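A look at the structure
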Amino acid sequence: MKRGKLTLIIPNEHEGDIGVGFLRRLLKQAEVSREEWLKE
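Residues numbered from 1 in each chain as written. Predicted model: local features only at pLDDT ≥ 70, side-chain atom pairs only at ≥ 80, totals over all residues. Heavy atoms only, no water.

What follows covers the overall build of the protein chain. Summing up its helical and strand segments, the protein chain has 2 helices and 2 strands in all. Along its sequence from the N terminus, the protein chain presents helices and strands in the succession β-β-α-α. Projected onto the principal axes, the alpha-carbon positions of the protein chain cover approximately 25 × 20 × 15 Å. Within the protein chain, the proportion of its 40 residues that are buried is 12%. Separation between the mean location of the 8 positive side-chain charges and that of the 7 negative ones in the protein chain comes to 7 Å. (Helix = DSSP H or I, 4+ residues; strand = E, 2+ residues; numbered from the N terminus. Buried < 20%, exposed > 50% of the residue type's maximum accessible area, 1.4 Å probe, protein only. Lys, Arg positive; Asp, Glu negative; His and termini not counted. Charge placed at Lys NZ, Arg CZ, Asp CG, Glu CD.)

As structure tokens, this is what we get:
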């Protein structure tokens, strides 16, 4: 996942959907709001 110069590597060991809590933490680290995420 990339945003500007920030790159987050999202581990997905189970090759399926990631959990809501994990996604929320990733978005917080990337400073992406819920609204921004849902818009894209």
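At Glu 31, a position not held by glycine, the phi torsion is positive, near 55°. Note that Glu 31 resides in the loop between helix H1 (20-29) and helix H2 (34-39).

What follows covers the layout of surface pockets. The volume enclosed by the largest pocket comes to roughly 190 Å³. Lining the largest pocket, in full, are Val 20, Leu 23, Arg 24, Leu 27, Val 32, Arg 34, Trp 37 and Leu 38. Considering each element in turn, the lining of the largest pocket owes the most residues, 4 residues, to H1. Its residues assigned to classes, the lining of the largest pocket comprises 6 nonpolar, no polar and 2 charged. (1 Å grid on protein atoms, 1.4 Å probe; cavity = no way out; pocket = protein on both sides within 12 Å on 5 of 7 lines; lining within 4 Å. Points joined across faces, edges and corners; volume = space filled by probe spheres on them. Nonpolar A, V, L, I, M, F, W, Y, C, P; charged D, E, K, R; others polar.)

Note on placement: Leu 38 falls in helix H2. Here Leu 38 falls in the exposed class, since its relative accessible area comes to 55%. Taking the C-alpha atoms as reference points, Leu 38 and Gly 4, separated by 34 residues in sequence, lie 18 Å from one another.

With respect to the helices, strands and loops of the structure, Thr 7 is situated in strand E2 (residues 6-7). Each residue touching Thr 7, except ones within four places of it in the same chain, is listed here: Met 1 and Lys 2. (Contact = heavy atoms within 4.5 Å.)

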